[in-house]
Each structure stands twice: as C-alpha cells, then as structure tokens.
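Here are the chains, one letter per residue:
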Amino acid sequence: MKRFRIIAAVLAAMLVFALPAWAEDDNEVDTSLLPDSSFIYETSIYALQTSDSYYEGQTVQVTGEVVGDIVKAEGEDGHKWITVDALPDEQQASVQVYVSDDQAALIDTLGRFERTGTTVSVTGKFHLVCGQHDGLSDIHATSLSVQRQGSRHHTNFEFAPFVPALLLVAVGLGMLWMYRRKREELQ
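Below, the structure is looked at part by part. (Residues numbered from 1 in each chain as written. Predicted model: local features only at pLDDT ≥ 70, side-chain atom pairs only at ≥ 80, totals over all residues. Heavy atoms only, no water.)

**Let's talk about the packing of aromatic side chains**
Here comes step 1: By the definition in use, this model includes three aromatic pairs.
Here comes step 2: Ring geometry for Tyr 54 against Tyr 55: centres 5.0 Å apart, planes inclined by 75 degrees, an arrangement best described as edge-to-face.
Here comes step 3: Where Trp 81 meets Tyr 98, the ring centres are 5.1 Å apart and the plane angle is 50 degrees; that geometry is what we call tilted. Taken together, the positions of Trp 81 in strand 2 (residues 79–85) and Tyr 98 in strand 3 (residues 94–100) put the pair 17 residues apart, joining distant regions of the chain. Like Tyr 98, Trp 81 is buried. (Phe/Tyr/Trp six-rings, centres within 6.5 Å; stacked < 30°, edge-to-face > 60°. Helix = DSSP H or I, 4+ residues; strand = E, 2+ residues; numbered from the N terminus. Buried < 20%, exposed > 50% of the residue type's maximum accessible area, 1.4 Å probe, protein only.)

Shown next, in the form of structure tokens:
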C-alpha cells in the first residue's frame with residue numbers, strides 16, 4: 001500500500017512539473033485587440049424602445065410580428081421599412097426595421113384586423129438616433145428569418161354586446177317622447 005502511494009505521488013509530481021512543458025504559447029492573450037462584441041443576445045423590443053445609449057451601435061436580435069405596411073425607403077433603392085411589434089406575451093412595443101428588398105420579400109402577411117403578421121427574427125445594428133434616417137430609432141437589418149408564417153382569420157360578429165346599448169337608446173327615445181307629450185299638454 002505504501003508503494004502505491006509513493007508511485008501515485010511521483011506520477012502526480014511528474015504531471016505537475018511536466019504539464020507546462022506540454023503547453024504551447026498558442027493560448028496567449030493579445031492585448032492589442034479590441035473587445036469583441038459580436039456575441040448577440042436576444043433583446044426585447046420593449047428594451048430597445050425604452051433604451052438609453054447602452055444599445056446605440058450594438059448588434060441586436062429581436063423577434064416579433066410584422067404589422068402595418070411595407071414602406072419603400074425614399075431615395076434608397078433596394079430597401080424598405082417594416083414595423084415589428086413585440087409578441088403578445090411580451091410588453092407592448094414596436095421598432096422600425098430597415099431591410100433590403102430580398103428580406104422584405106420573405107414576409108407573407110402583415111398584421112392588422114383579421115390577420116396575424118409573419119413572425120420574424122431580425123438581427124442588425126440598432127440606432128437610438130439614426131443619423132442616416134433623420135434621427136429615427138431603428139434597426140438596420142443584416143439578416144431576417146421567418147419564424148412563423150402569418151395567417152388570416154375571420155372574426156364572427158356577435159350581437160349580444162350591443163343589446164344593453166340598444167335598450168338604453170330605446171329607453172331614452174321613450175323618455176323623449178313622454179317629455180314632448182307632457183310639454184304639448186302644458187301649452
């Protein structure tokens with residue numbers, strides 16, 4: 001048993017002292033390099049809408065529903081503007097996204113009445129005050145991917161919510177008729 005402990009101690013000492021000789025100088029830190037901020041975290045649209053200068057110039061990724069209209073960027077051929085709203089389970093917010101024509105072509109449905117817009121994931125550079133677009137807070141998309149296609153749905157008209165209002169209108173008209181009749185009797 002004593003021999004085993006001695007052999008184990010000798011092997012451990014050899015590993016400790018020999019390990020630096022095995023390591024090469026390939027893993028040194030180059031202090032002349034700038035920090036890398038290319039690692040992208042999913043950012044909420046609400047965080048961008050309420051942000052301070054922290055997000056300015058950062059590469060961000062947001063996911064949301066495309067709503068409204070696709071608008072051609074004036075004076076900039078090959079680009080369009082889209083509005084991306086936060087998903088229903090998030091705090092309500094929206095952001096303008098500057099996309100290429102090819103990226104805009106991926107969007108099949110725009111969110112509005114009786115339509116759920118295409119859910120997209122957008123990666124791009126965020127500008128709190130964009131100098132290129134008259135101070136607009138926007139994202140210049142470098143990539144856009146479709147997470148879920150949009151859909152159309154029909155909303156059925158329900159008469160029941162209008163019944164109390166119609167009863168109140170009928171009571172009001174009845175009271176008006178009674179008022180006029182009493183007024184004629186007095187004259």
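From this point, things continue past the structure.
**With respect to the sheet that holds strand 6 (residues 138–148)**
Here comes step 1: Pairing is mixed in the closed barrel, where five strands are placed in the order 1-2-3-6-5. Strand-to-strand twist in this sheet, taken as the mean axis angle between neighbours without regard to direction, amounts to 55 degrees.
Here comes step 2: Pairing of strand 5 (residues 119–127) with strand 6, which is carried by nine bridges, proceeds in the antiparallel orientation. Within strand 6, the position partnered with Thr 123 by the bridge is Ser 143. (Pairing = 2+ DSSP bridges. Axes fitted to C-alpha atoms, helices over the stretch in contact; angles between N-to-C directions.)

**Focus: the pattern of salt bridges**
Here comes step 1: Under the defined criterion, the tally for this structure stands at three salt bridges.
Here comes step 2: The partner of Arg 112 in a salt bridge is Asp 69, and the shortest N-O contact between them spans 2.6 Å. In this pair, Arg 112 sits in the loop between helix 3 (101–104) and strand 4 (115–116) while Asp 69 sits in strand 1 (residues 59–72), placing the two residues 43 residues apart along the sequence.
Here comes step 3: For Arg 112, a relative accessible area of 38% corresponds to the partly exposed category.
Here comes step 4: The class of Asp 69 is partly exposed, set by a relative accessible area of 48%.
Here comes step 5: Measuring nitrogen to oxygen at the nearest pair gives 3.0 Å for the salt bridge that ties Lys 80 to Asp 101. With Lys 80 in strand 2 and Asp 101 in helix 3, this pair connects stretches of sequence that are 21 residues apart.
Here comes step 6: Residue classification places Lys 80 among the partly exposed residues on the basis of a relative accessible area of 23%.
Here comes step 7: Judged by relative accessible area, Asp 101 falls into the partly exposed class, the value being 30%. (Salt bridge = Lys/Arg side-chain N within 4 Å of Asp/Glu carboxyl O.)

It is worth stressing that arrangement in space is one thing and function is another; only the former is reported here.
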